[in-house]
Amino acid sequence: MMFVMAAVMEGPLADLSAWKPTECSIAKAMDLIGTRSAILILREAYYGTTRFDGFAARVGITDAAASGQLRKLTEAGLLAKRPYQEAGRRTRHEYVLTDMGRDLLPAVLALMQWGDAYLQPGPAPLLLVEESSGAPVRVAVRSETGREIDLEELGVRLNPEYSRAIRSAK
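Residues numbered from 1 in each chain as written. Predicted model: local features only at pLDDT ≥ 70, side-chain atom pairs only at ≥ 80, totals over all residues. Heavy atoms only, no water.

K.L.:
Would you mind going over the overall build of the chain with me for this structure?
P.N.:
Of regular secondary structure, the chain possesses 7 helices and 4 strands. Secondary structure elements in the chain, listed N-terminal to C-terminal, are β-α-α-α-α-β-β-α-α-β-α. Taking 15 Å as the expected radius of gyration for a compact globule of 170 residues, we find that the chain reaches 20 Å, considerably beyond that expectation. Based on the C-alpha atoms only, the size of the chain along its principal axes is roughly 65 × 50 × 35 Å. Within the span of the chain, comprising 170 residues, buried residues form 20% of the whole. Counting contacts in the chain only where the partners sit at least 6 residues apart, residues at least 24 apart contribute 46% of the total. (Helix = DSSP H or I, 4+ residues; strand = E, 2+ residues; numbered from the N terminus. Rg over C-alpha atoms; globule rule 2.2 N^0.38 Å. Buried < 20%, exposed > 50% of the residue type's maximum accessible area, 1.4 Å probe, protein only. Contact = heavy atoms within 4.5 Å.)

Structure, rendered in structure tokens:
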């Protein structure tokens, strides 16, 4: 069974064979966070992990892999290093989410929600709830009016500001 459901590609984007998705924001995001360890380090940061050893142990990766991913996420601006010192010990660094890292939360929760729905053999292992009320939390695509938008209702068009910026950069 084949379903033909797609976003509404507008203007010059309607002919998919006539343009290439250069400068794709999805590709750029995946280059940065598209590995299992990067996403799981972010998951741990959302859960409150801040120390190097905690990331490596909870994600189940080697110290070298944790070091590389933490460096990459820090250099990209998703995490920031903050010094701390335990009594009688040398100064070390912990890793805290930046605004850029916090802004990725809906995407990570959407992956979790999708995995719960399609990859878990039974009920979801964790529930997302509003802490103060216990009300379930769900990630959804909504317009600025608050209306939930299905794929077939999503319009994709060229951003005139981006086009102007490209022209003025030449």
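K.L.:
I'm lost on a nonpolar patch on the surface in this one. Help?
P.N.:
Together, M5, L151 and L154 line one region of the surface with nonpolar side chains, adding up to about 270 Å² of accessible area. On the accessibility criterion, L154 (35% relative accessible area) is partly exposed. (Patch = residues over 30% accessible without salt bridge, like charges linked within 9 Å, V, L, I, M, F, W, Y side chains within 5 Å. Areas by Shrake-Rupley, 256 points an atom, 1.4 Å probe, with all protein chains shown as cover. Salt bridge = Lys/Arg side-chain N within 4 Å of Asp/Glu carboxyl O.)

K.L.:
For this particular structure, what's the right way to read the environment of V139?
P.N.:
Within the secondary structure, V139 sits in the loop between helix 6 (105-118) and strand 4 (155-156). Given a relative accessible area of 23%, V139 falls into the partly exposed group. A C-alpha to C-alpha distance of 29 Å links V139 and G11, two positions 128 residues apart in sequence.

K.L.:
How should I be thinking about the pattern of salt bridges in this particular structure?
P.N.:
Two side chains with opposite charge may pair up if their charged atoms get near one another. If you walk through the whole model with that rule in mind, you get 10 salt bridges. A salt bridge links E94 to R51, with the shortest nitrogen-to-oxygen separation between them at 3.6 Å. Taken together, the residues E94 in strand 3 (residues 92-97) and R51 in the loop between helix 2 (36-47) and helix 3 (52-59) connect sequence positions 43 residues apart. For R51, a relative accessible area of 32% gives the class partly exposed. Overlapping salt bridges bring together R51, R82, E86 and E94 as one network.

K.L.:
Is there a simple way to think about the packing of aromatic side chains in this case?
P.N.:
For any pair of aromatic rings, the description rests on two quantities: the centre-to-centre distance and the angle between the ring planes. For the structure shown, the criterion picks out 2 aromatic pairs. For the ring pair F55 and Y95, a centre distance of 6.3 Å and an interplane angle of 80° mean the geometry is edge-to-face. Here F55 is found in helix 3, whereas its partner Y95 is found in strand 3, with 40 residues between them in sequence. On the basis of relative accessible area, F55 is assigned to the buried category, the value being 0%. Aromatic side chains W114 and Y118 sit 5.9 Å apart centroid to centroid with 45° between the ring planes, which places their arrangement in the tilted category. On the criterion of helical spacing, the pair formed by W114 and Y118 is a turn pair, its members being 4 residues apart in helix 6. On the basis of relative accessibility, which here comes to 47%, the residue W114 falls in the partly exposed class. (Phe/Tyr/Trp six-rings, centres within 6.5 Å; stacked < 30°, edge-to-face > 60°.)

K.L.:
Which parts of the structure should I look at to understand the packing of helix 1 (residues 25-33) against helix 4 (residues 63-76)?
P.N.:
Any two packed helices are characterised by the angle at which their axes cross and by the distance between the axes. Here helix 1 crosses helix 4 at 140°, and the two axes come no closer than 10 Å. If you check the angle between helix 1 and helix 4, you find them oblique. Within the contact between the two elements, helix 1 uses D31, L32 and I33 and helix 4 uses K72, L73 and A76. For the contact of helix 1 with helix 4, the per-class residue count stands at 4 nonpolar, no polar and 2 charged. (Axes fitted to C-alpha atoms, helices over the stretch in contact; angles between N-to-C directions. Parallel < 35°, antiparallel > 145°, perpendicular 65-115°, else oblique. Nonpolar A, V, L, I, M, F, W, Y, C, P; charged D, E, K, R; others polar.)

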